[in-house]
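# Residue-level structural notes
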Amino acid sequence: MSRKVLVIDDEEAIIIVLRASLEATTDWQIITCSSATKGIEIAIAEHPDAVLLDVSMPKVDGTQVLKALQAEDSTQDIPVIFLTAKARDSEQKVLKALGVSGIIIKPFSPETIAALTKEILGWKD
Amino acid sequence: MLDDFTGTGDTLFERVVITSPLTVSPTASVSETIAKMHQTRSSYAIIAERRPAPLLKTHELKQHLVGLFTEHDLVRAIASQQPFEEMAIAAVMKVQIPTIGKEDITNAAAIFARMRQQQIRHLPIIQTDGQLVGMITQEGILQALNSEDSQQMVALLQQEVMQLRTENQMLLEARNQELEREHLTLSSQLEDKQIEQQQTQAQLEEAYYELEKSHNALRKTNKELNQTLQKLQGTKQTLQQTNTELERRVAHRTSDLLRAEGRWRSLLEEVHLVVIGLDLEGSVNYANPFFLRLTGYSAEEVLGRSWFKNFLPYGEQNHTYQYFQAFINGEEIPLHHQNEILTRSGSTRIIAWHNVTLRDHNNTIIGTMSIGEDITKRLAVERMKGEFVSVVSHELRTPLTAIHGGLHLITSGLVASNSSQGKELLQVAAESSQRLVRLVNDILELERLESDKTKLKPEKVTSQQITAQAVRAFKVAAEAHNITMQVSDPGLALMADGDRLMQVLTNLLDNAIKFSPDSATIWISVEQASLSSKEGKSTALFKVKDEGRGIPSEDLSAIFERFTQINYDDSREKGGTGLGLAICHNIVRQHGGKIWVESVLGKGSCFYFTVPLFSTSTSPLS
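Model, not experiment: these values are computed from the prediction.

### Side note on the overall build of chain A
- Regarding its fold elements, chain A presents 5 helices and 5 strands.
- Helices and strands in chain A line up, N terminus first, as β-α-β-α-β-α-β-α-β-α.
- At a minimum sequence separation of 6, the contacts of chain A that also span at least 24 residues come to 58%.

Here it is as structure tokens:
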């Protein structure tokens with residue numbers, strides 16, 4: 001049974017590229033959403049194996065989505081990987097402290113993003 | 001006549017005794033007494049008082065002996081040179097006098113011998129009860145002598161003469177012996193004196209010799225002293241010269257120090273750095289004017305007060321005080337630190353300090369002097385810069401990710417370029433690259449504007465030139481959405497950089513068209529503003545009004561800041577970078593104008609900005 005991965009990013013262009021990258025390199029089922037609030041609803045409803053979550057989003061940002069997922073019984077065990085353009089060490093330190101599984105910096109390589117995700121999550125297949 | 005005297009019947013008594021001697025009362029004066037003695041040719045006067053005789057048991061008064069006044073007493077009284085004439089005779093004659101009892105008058109020679117022995121010439125006779133009976137005198141005794149008595153008297157006198165001769169001889173011999181002894185003694189003493197004199201002479205000679213030696217030594221010493229004195233005077237002169245030179249140097253050095261102190265004080269007073277002096281208890285003993293200006297305190301409100309308790313926020317007090325304690329105890333700690341301080345109004349400033357210890361002449365630490373830079377603004381700028389870099393980083397990396405990812409998927413063959421997904425990726429890459437170009441341009445533009453690298457070129461332009469050009473630029477875009485642009489422009493003469501003003505108006509028009517629904521109207525108007533600019537110049541007021549979705553009131557204040565698009569989808573859908581309004585704000589501000597927005601959510605927004613009108617006195621904008 002293939003993995004189910006939810007991508008939440010307000011940038012449509014990023015969603016398109018991520019979907020294409022992951023679909024081209026894995027057999028994962030990719031669910032995408034450009035709204036933070038809708039993304040939380042989808043996570044609860046679909047219970048994906050992992051969430052790739054953009055940090056900088058208007059109104060509700062990625063850190064708030066993470067907290068919402070951690071607070072929800074049905075989603076608190078879902079591993080979350082942040083996608084962010086915040087490349088500075090100080091910024092990453094703050095993000096890691098929130099209890100996220102890993103951080104992938106934009107721009108990422110479309111060929112290796114799947115492998116990077118597997119490595120972070122410890123997925124063998 | 002004395003009582004009982006005549007009744008004795010004694011022959012000797014009758015011959016010898018004067019029974020009616022001259023008597024005077026004790027109260028009689030001396031002069032009266034002398035007169036009586038002279039009158040009676042008497043050599044004496046018996047002083048007697050009358051008082052009752054106790055044995056007679058009658059009231060008859062009897063004479064009682066008080067004293068005897070003789071010529072001898074008169075001579076003594078005169079010799080005393082006292083004013084005795086009027087004195088009572090009893091006061092002059094007080095001496096106890098010898099008397100003889102009546103019953104003792106038996107032998108004239110014995111009485112005479114007794115008087116001679118007592119060296120008295122008068123002898124009063126009294127009874128046992130003290131009553132005066134009479135008087136015996138040596139003359140009376142001699143006159144009354146019979147032959148037997150005379151022989152006895154002569155024998156007595158011869159015996160007396162012999163005795164006197166013997167006594168005289170003995171006295172002479174004794175005197176001679178005494179004189180000889182005295183002579184011998186004097187001779188001996190004379191010899192002693194001579195020997196003593198010789199010894200004294202020898203001692204004097206020796207002393208003289210010693211004195212001579214001392215004198216010579218003194219002369220030598222004096223000579224040496226003179227030489228020493230001369231040397232000392234030379235030394236003194238040298239010292240005086242040295243002293244003068246030293247004083248000159250001290251004065252010069254003091255003057256230098258005063259000038260240096262003045263320079264330092266002037267520096268401390270005028271430097272745009274905070275300078276605070278603390279004593280060992282942490283109380284302020286110096287605060288420079290810049291600190292007072294920065295915090296709003298007066299010197300009286302600061303001096304003598306605890307720095308840590310009064311001028312630091314509560315959260316800063318403990319660790320800063322611990323730092324201070326370690327510092328004055330000479331511990332090895334950094335000389336630099338930074339902390340917040342409290343101003344009089346209660347706001348805080350962040351100061352970066354450089355501290356030094358102050359020491360007295362014994363090198364003992366007596367306090368600290370700290371020089372601090374107010375880095376509040378710098379830190380705020382750095383924070384803003386950090387945030388800006390973070391935002392720019394995000395804004396750049398997002399389209400870059402889409403471009404890089406999309407193209408890489410196609411070029412690597414993971415996605416076929418002619419597939420629908422391939423075409424979509426190419427489309428995303430193309431749009432993202434356009435967005436990246438716009439973004440980079442806007443960032444550079446804003447950076448140029450904010451760093452004042454782009455100087456405005458103000459000149460006389462008419463508002464119609466600006467509005468007409470802008471409307472022309474958006475004619476096609478407006479028509480594509482059936483949007484009407486209505487212009488009301490009286491053609492005001494402006495003093496502005498035409499290209500920059502055009503940039504502002506096109507930015508606002510671009511937004512208005514993007515956010516207006518199809519078939520809407522956009523109003524562009526220019527009018528002379530009722531309000532003048534800050535500099536008092538007349539201004540033109542531009543308005544761009546749309547019928548778009550409007551802006552939430554809570555976002556109005558931030559809309560002219562960088563990267564503050566209300567909806568991030570706008571940047572994607574409308575092609576905005578989030579920097580357009582920030583650029584407009586900057587250009588208007590450089591013209592000395594203002595830009596603001598009024599908006600009703602769901603009904604539309606109206607953007608306003610002002611620029612100065614042209615006048616003959618208008619000077620070029622800087």
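### Considerations on the interface of chain A and chain B
- On the chain B side, the residues contacting the 23 residues of chain A number 26 residues.
- Considering every element that reaches the side of chain A that touches chain B, the biggest residue donor is helix α1 (residues 12–25) of chain A, with 9 residues.
- Here the side of chain A that touches chain B is composed, by residue class, of 13 nonpolar, 3 polar and 7 charged.

### Re the nonpolar core
- V17, V51, L52 and L53 of chain A together with L425 of chain B are the most contacted members of the largest nonpolar core, which totals 41 residues.
- Ranked by residues supplied to this core, first place goes to α1 of chain A with 8 residues.
- If we skip the residues at most four places from it in the chain, L52 of chain A touches V5, V7, L18, I81 and L83 of chain A.
- By size, the runner-up hydrophobic cluster in this structure holds 40 residues, among which are A470, F515, A540 and V611 of chain B.

### Observations concerning helix α3 (residues 62–71) of chain A
Residues and elements named next belong to chain A.
- Listed in full, the buried residues belonging to α3 are G62, V65, L66 and L69. Projected down its long axis, α3 carries its buried residues within an arc of 100°, all on one side. In α3, the exposed residues that point more than 90 degrees away from the buried face are K67 and A71.
- Buried residues belonging to α3 abut β1 (4–8), α2 (36–46), β3 (50–54) and β4 (80–84).

### Notes on the confidence of the model for chain A
- On average, residues of chain A score 91 in pLDDT, and 99% of them are at 70 or above.
- Put simply, helix α4 (residues 89–96) of chain A is where chain A has its lowest mean pLDDT, 84, and β1 of chain A is where it has its highest, 96.

### Side note on the packing of helix α13 (residues 420–450) of chain B against helix α18 (residues 580–590) of chain B
Residue and element names in this part refer to chain B.
- Close contact between α13 and α18 brings their axes to 10 Å; oriented N to C, the two are set at 25°. Compared by their axis directions, α13 and α18 come out roughly parallel. Seen from above, α13 lies across α18 with left-handed handedness. When α13 is examined against α18, the residues D442, E445, L446, L449 and E450 are found in contact with a partner set consisting of G580, A582, I583, N586 and I587.
- Class assignment of the residues belonging to the contact of α13 with α18 gives a composition of 5 nonpolar, 2 polar and 3 charged.

### Structural notes on the sheet that holds strand β6 (residues 132–137) of chain B
Residues and elements named next belong to chain B.
- Here we have 3 strands laid out as an open sheet, ordered β4-β5-β6, and mixed in their pairing. Whereas interior strands pair on both sides, the edge strands pair on one side only; in this sheet they are β4 (100–101) and β6.
- Note that strand β5 (residues 122–126) and β6 share 5 bridges and pair antiparallel. Looking at β6, one finds that L123 is bridged to I136.

### Overview of the sheet that holds strand β3 (residues 61–70) of chain B
Residues and elements named next belong to chain B.
- Across the sheet, 3 strands lie side by side as β1-β2-β3; this open sheet has mixed pairing. Looking at the sheet topology across the chains shown, the edges are occupied by β1 (23–24) and β3.
- With 2 bridges joining them, β1 and strand β2 (residues 44–52) adopt parallel strand pairing. Within β2, the residue paired with T23 across the bridge is I46.

### Notes on the environment of A429 of chain B
Residue and element names in this part refer to chain B.
- When you line up the elements, A429 lands in helix α13.
- Residue classification places A429 among the buried positions, given that 23 C-beta atoms sit within 10 Å.
- On a C-alpha basis, the gap between A429 and G405 in space is 8.3 Å, while along the polypeptide they are 24 residues apart.

### Concerning unusual backbone geometry
- Cis peptide bonds are those with omega within 30 degrees of zero, and the linkage from K106 of chain A to P107 of chain A qualifies with -10°.
- Along the chain, the position of P107 of chain A falls in the loop between β5 (102–105) and α5 (113–121).
- Positive phi, normally seen in glycine, also occurs at Q119 of chain B, with a value near 55°.
- Given 6 C-beta atoms within 10 Å, Q119 of chain B falls into the exposed group.
- Phi is positive for N482 of chain B, close to 60°, though the residue is something other than glycine.
- For N482 of chain B, the location among the structural elements is in the loop between α15 (475–480) and β13 (484–488).

Criteria and cut-off values
- Residues numbered from 1 in each chain as written.
- Chains lettered and ligands numbered in written order.
- Predicted model: local features only at pLDDT ≥ 70, side-chain atom pairs only at ≥ 80, totals over all residues.
- Helix = DSSP H or I, 4+ residues; strand = E, 2+ residues; numbered from the N terminus.
- Contact = placed C-beta atoms within 7 Å.
- Nonpolar A, V, L, I, M, F, W, Y, C, P; charged D, E, K, R; others polar.
- Core = buried A, V, L, I, M, F, W, Y, C linked by C-beta atoms within 7 Å.
- Buried ≥ 20, exposed ≤ 12 C-beta atoms within 10 Å, placed from the backbone.
- Arc of directions from axis to C-beta.
- pLDDT = per-residue confidence, 0-100.
- Axes fitted to C-alpha atoms, helices over the stretch in contact; angles between N-to-C directions.
- Parallel < 35°, antiparallel > 145°, perpendicular 65-115°, else oblique.
- Left-handed = near helix turned anticlockwise from the far one by under 90°.
- Pairing = 2+ DSSP bridges.

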